[in-house]
Amino acid sequence: MFKGIGASPGIAIGTALVYTRPEPELPTHTLDPDDVAREMYRLSSSISEARAQVNAIRMRTEAQLGTEQGAIFQTQLTILEDPILLGEITALIKEEYLPAELAVKQVTDRYIALLKGTGDEVIGERWADVADVGRRVINNLLGIRRIPLATMAHEAIVVAPDLTPSDTAQLPRDKVLAFVTEHGGRTSHSAIMARSLEIPAVVGVGNILTRVKTGDNLVVDGDEGLVLINPEILTLEKYKKRLTQLRLANQELKNLRDLPAITKDGYRMELGANIGTPEEVEGALAYGAVVIGLYRTEFLYLGRPDMPGEEEQVAVYTGVVERMKGRPVVFRTLDIGGDKPLPDLSSGGEVNPFLGWRGIRLSLDRKDIFKTQLRAFLRAGAAGPVRIMFPLVVGLQEYREAKEILVQVREELAAQGLAFDPHIPVGIMVETPAAAVITDLLAREVDFFSIGTNDLTQYTLAVDRTNEQVAHLYDHYHPAVLRLIEQVAKGAAKEKKKVSICGEMAGDPIAVPLLMGLGLRELSMAPGAIPRVKQVIRSLTAEDARKLAGEVLGLKEPMAVREKLAAKVRVPDKEK
Ligand code: PEP
Ligand code: MG
């Protein structure tokens, strides 16, 4: 049994297809100075060829998975046109007389090492794009045509040292049961794509290729990050049973889509989806979301050299609003910083980025970016119900300042005679203990609250949400976090302001009766979590939930809270 990182959930049972890529043999000689012009021609033809190939993959990916996934290949096109990178390659050919293959390899290797060395998980993963592009150009120079995975003859579990984004994009959905790689992390493009394709995946399984060969029987458990090679018959039977159960359970949950999230005694909850791209609206609706409770706008800004302009933003946000067909969309203003740095913007070099220049702080300092985004939200409001919320607010002053800018923007739009919604509700995320403790003060001014338990937990417990070493201390069932949630619910209720919750806790089935019992009526979560949460709501009464919440708030330890809640909500056993 091998343990890696569960990058995409689900179970797969099947035979292994080992996919390795022999390193191409590169020329070792230097060029005759007379051959430099010819070498430059070879280089530019291979790059043009690579551009056409990547563009074709981009279009295919966009058609199958949407523009967001296709954008990954836009990054590769940008690399292929990068003047600095190309200048360095050209210099090696013209000045050092290196053959094009070697020049490309040397330059891309250097960039790969640089990216890997940033220590930043998200930026660091982009080395895969440089490697993918470099390998493609070299293969074109050498006339190597790889047999792409797209031509797989039968169903299999692909095991590889790593999969480039182009490999992953070409995986035939009907043949690849799962994939396992020795390298890569949860945020690598291949992992992101696996989740979109709903293919179970385990990544970062060091050295698995020394033990597995094509034809071996494999079990891949994408939930637990496990890979079993030629398991015993009893283990295999257990996994087969679990796979059948999962399929049945999924079907049962899908059947819940059109039923309301209502308790046995008629208390109605609103279940929403957290998304970050227009393409995800379809999935959100398919799982039964009645609101987009959190639209993370960061994705529009990440992975590109420029800032999205107003018209582009209006088009994207309007697209989301239109696809929701009259159901509300809560747009969060740019939440860059912390674990989501934007190279051009985030100040870099902060000792404590989570306590630094992020969220609303950054927007208030960069009013140009902030105003453009607010204008786009207001204009998208002309297409349907929109709400705006600010991240990482700690006090009234920030809210007032942000609101003032919004009022200004509204006046400007009116003066310009552009269509917009002047009555968009404006709320804040409660992600800091400070905001939670002064909810009563904030409630007099804000229109609504949305509790971001991901950050609220990290700031309350002083546990960096991205630090594995202290991950065991990160627990949203800590009594301190629960008391803060209760305080927010009470503070908002006094002013009759709505409170929702959009952190991961909202999608945790055992948290549902507690959150309901505390008075929350809207839960927003990853779309796939909605059916199970709805099932829990439909099995409860509001009275039970209130009683349970009261009892849980009296408990002293997170573990006791979990046990109490799990006993109330029977989570189907995974039967390991
Ligand atoms: C949160 O902090 O709970 C939240 C929803 O925001 P994000 O995860 O994007 O920081
Ligand atoms: Mg947050």
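Only a predicted model underlies this, so the values are computations on that prediction, with no experimental measurement involved.

## Considerations on the overall build of the chain
Phase 1: Secondary structure assignment for the chain yields 22 helices and 16 strands.
Phase 2: A compact globule built from 576 residues should have a C-alpha radius of gyration of about 25 Å, and the chain, at 26 Å, falls within 12% of that.
Phase 3: Its C-alpha atoms give the chain principal-axis dimensions of roughly 80 × 70 × 45 Å.
Phase 4: When the 576 residues of the chain are sorted by exposure, 52% land in the buried category.
Phase 5: Pairs at least 24 residues apart make up 69% of the contacts formed inside the chain by residues separated by at least 6 positions.
Phase 6: Roughly 26000 Å² of accessible area belongs to the chain as shown, and the carbon and sulfur atoms make up 53% of that amount.
Phase 7: Across the chain, the centroid of the 70 positively charged side chains sits 7 Å from that of the 78 negatively charged ones.

## Side note on the coordination of the magnesium ion (ligand 2)
Phase 1: Only Glu 431 (OE) and Asp 455 (OD) from the protein coordinate the magnesium ion (ligand 2), and they sit 2.0 Å from it. Taken as a pair, Glu 431 in the loop between strand 13 (426-430) and helix 15 (433-437) and Asp 455 in helix 17 (residues 453-461) lie far apart in primary sequence, 24 residues in all. For the pair Glu 431 and Asp 455, a shared accessibility class is recorded, and that class is buried.

## Here we look at the site of ligand 1
Phase 1: Residues in contact with ligand 1 amount to 14 residues; listed here are only the nearest, Arg 296, Arg 332, Gly 452, Asn 454 and Arg 465.
Phase 2: Taking Glu 431, its side chain carries an N or O atom lying 3.0 Å from an oxygen atom of ligand 1.
Phase 3: Within the side chain of Arg 465, one N or O atom sits 2.9 Å away from an oxygen atom of ligand 1.
Phase 4: Those elements giving two or more residues to the shell around ligand 1 turn out to be strand 10 (291-296) and helix 17.
Phase 5: Per element, the largest residue contribution to the shell around ligand 1 is three residues, and it comes from helix 17.
Phase 6: Looking at the shell around ligand 1 residue by residue, the classes come out as three nonpolar, four polar and seven charged.

## Quick look at the side chain of Ser 8
Phase 1: Take Ser 8: it is sitting in strand 2 (residues 5-8).
Phase 2: Overall, the relative accessible area of 1% leaves Ser 8 in the buried class.
Phase 3: A distance of 3.4 Å separates a polar side-chain atom of Ser 8 from the backbone oxygen of Ala 194.
Phase 4: In this structure, Ser 8 is in contact with Ala 194, Arg 195, Ile 199, Pro 200, Ala 201 and Gly 222, ignoring residues within four places of it in sequence.

## Concerning the sheet that holds strand 5 (residues 176-181)
Phase 1: Spatially, 1-8-7-3-4-5-6-2 is the arrangement adopted by the eight strands of the open sheet, whose pairing is mixed. The open sheet has two edge strands with one neighbour each: strand 1 (2-3) and strand 2.
Phase 2: Pairing analysis gives three bridges linking strand 3 (residues 11-18) to strand 4 (residues 156-160), with the strands arranged parallel. Following the sheet pairing, Ala 16 is matched in strand 4 by Ile 157.

## Thoughts on the packing of aromatic side chains
Phase 1: Applying the stated criterion to the full structure yields seven aromatic pairs.
Phase 2: For the pair Tyr 295 and Phe 331, a centre-to-centre distance of 5.2 Å together with 65° between the ring planes defines the contact as edge-to-face. In this pair, Tyr 295 is assigned in strand 10 and Phe 331 in strand 11 (residues 329-332), connecting sequence segments 36 residues apart.
Phase 3: Note on Tyr 295: relative accessible area 3%, which makes it buried.
Phase 4: For the ring pair Tyr 317 and Phe 331, a centre distance of 5.0 Å and an interplane angle of 50° mean the geometry is tilted. Here Tyr 317, found in helix 11 (residues 310-323), pairs with Phe 331, found in strand 11; they are 14 residues apart in sequence, far enough to count as distant.
Phase 5: With a relative accessible area of 1%, Tyr 317 lands in the buried category.
Phase 6: Classification of Phe 331 as buried rests on a relative accessible area of 0%.
Phase 7: Members of the aromatic cluster, each reached through a chain of ring pairs, are Tyr 295, Tyr 317, Phe 331 and Phe 377.
Phase 8: Positioned above the aromatic ring of Trp 127 is the side chain of Lys 116, whose terminal nitrogen or guanidinium carbon lies 4.2 Å from the ring centre.

## Quick word on the confidence of the model for the chain
Phase 1: In the predicted model, the chain carries a mean pLDDT of 89, and the fraction of residues at 70 or more is 95%.
Phase 2: Across residues 572-576, confidence stays below pLDDT 50; counting only partners more than four residues off in sequence or on other chains, it has 10 contacts.

## Topic: helix 6 (residues 127-142)
Phase 1: With 16 residues, helix 6 should reach 22 Å at 1.5 Å per residue; the first-to-last C-alpha distance of 22 Å fits that figure.
Phase 2: Burial of helix 6 is extensive: 15 of the 16 residues sit out of reach of the surface.
Phase 3: Note on helix 6: the residue one or two positions beyond its end, Gly 143, has a positive phi of about 70°.

## Some words on the pattern of salt bridges
Phase 1: Tallied over the entire structure, the rule returns 31 salt bridges.
Phase 2: The partner of Glu 88 in a salt bridge is Arg 110, with the nearest N and O atoms 2.5 Å apart. Here Glu 88 is found in helix 3 (residues 83-96), whereas its partner Arg 110 is found in helix 4 (residues 100-116), with 22 residues between them in sequence.
Phase 3: For Glu 88, a relative accessible area of 24% translates into the label partly exposed.
Phase 4: Classification of Arg 110 as partly exposed rests on a relative accessible area of 43%.
Phase 5: One salt bridge in this structure joins Glu 298 and Arg 332, with 2.9 Å as the shortest N-O distance. With Glu 298 in the loop between strand 10 and helix 11 and Arg 332 in strand 11, this residue pair connects regions lying 34 residues apart in the sequence.

## Quick notes on the packing of helix 2 (residues 67-80) against helix 6
Phase 1: Two elements in contact, helix 2 and helix 6, have axes separated by 10 Å at closest approach and are oriented at 60°. Here helix 2 is positioned oblique relative to helix 6, judged by the angle of their axes. For the pair helix 2 and helix 6, the crossing hand works out as right-handed. Mapping the contact onto sequence places Ile 72, Thr 75, Gln 76, Ile 79 and Leu 80 in helix 2 and Asp 129, Val 130, Asp 132, Val 133 and Val 137 in helix 6.
Phase 2: Classifying every residue of the contact of helix 2 with helix 6 by side-chain character gives six nonpolar, two polar and two charged.

Calculation rules
- Residues numbered from 1 in each chain as written.
- Chains lettered and ligands numbered in written order.
- Predicted model: local features only at pLDDT ≥ 70, side-chain atom pairs only at ≥ 80, totals over all residues.
- Heavy atoms only, no water.
- Helix = DSSP H or I, 4+ residues; strand = E, 2+ residues; numbered from the N terminus.
- Rg over C-alpha atoms; globule rule 2.2 N^0.38 Å.
- Buried < 20%, exposed > 50% of the residue type's maximum accessible area, 1.4 Å probe, protein only.
- Contact = heavy atoms within 4.5 Å.
- Areas by Shrake-Rupley, 256 points an atom, 1.4 Å probe, with all protein chains shown as cover.
- Lys, Arg positive; Asp, Glu negative; His and termini not counted.
- Charge placed at Lys NZ, Arg CZ, Asp CG, Glu CD.
- Donors = N, O, S within 2.8 Å, 3.2 Å for Na, K, Ca; no water.
- Near = heavy atom within 4 Å.
- Polar contact = N/O pair within 3.5 Å; in protein donor to acceptor, adjacent residues only side chain to side chain.
- Nonpolar A, V, L, I, M, F, W, Y, C, P; charged D, E, K, R; others polar.
- Pairing = 2+ DSSP bridges.
- Phe/Tyr/Trp six-rings, centres within 6.5 Å; stacked < 30°, edge-to-face > 60°.
- Lys NZ or Arg CZ within 6 Å of the ring centre and 35° of its normal.
- pLDDT = per-residue confidence, 0-100.
- Expected span 1.5 Å × (residues − 1).
- Salt bridge = Lys/Arg side-chain N within 4 Å of Asp/Glu carboxyl O.
- Axes fitted to C-alpha atoms, helices over the stretch in contact; angles between N-to-C directions.
- Parallel < 35°, antiparallel > 145°, perpendicular 65-115°, else oblique.
- Left-handed = near helix turned anticlockwise from the far one by under 90°.

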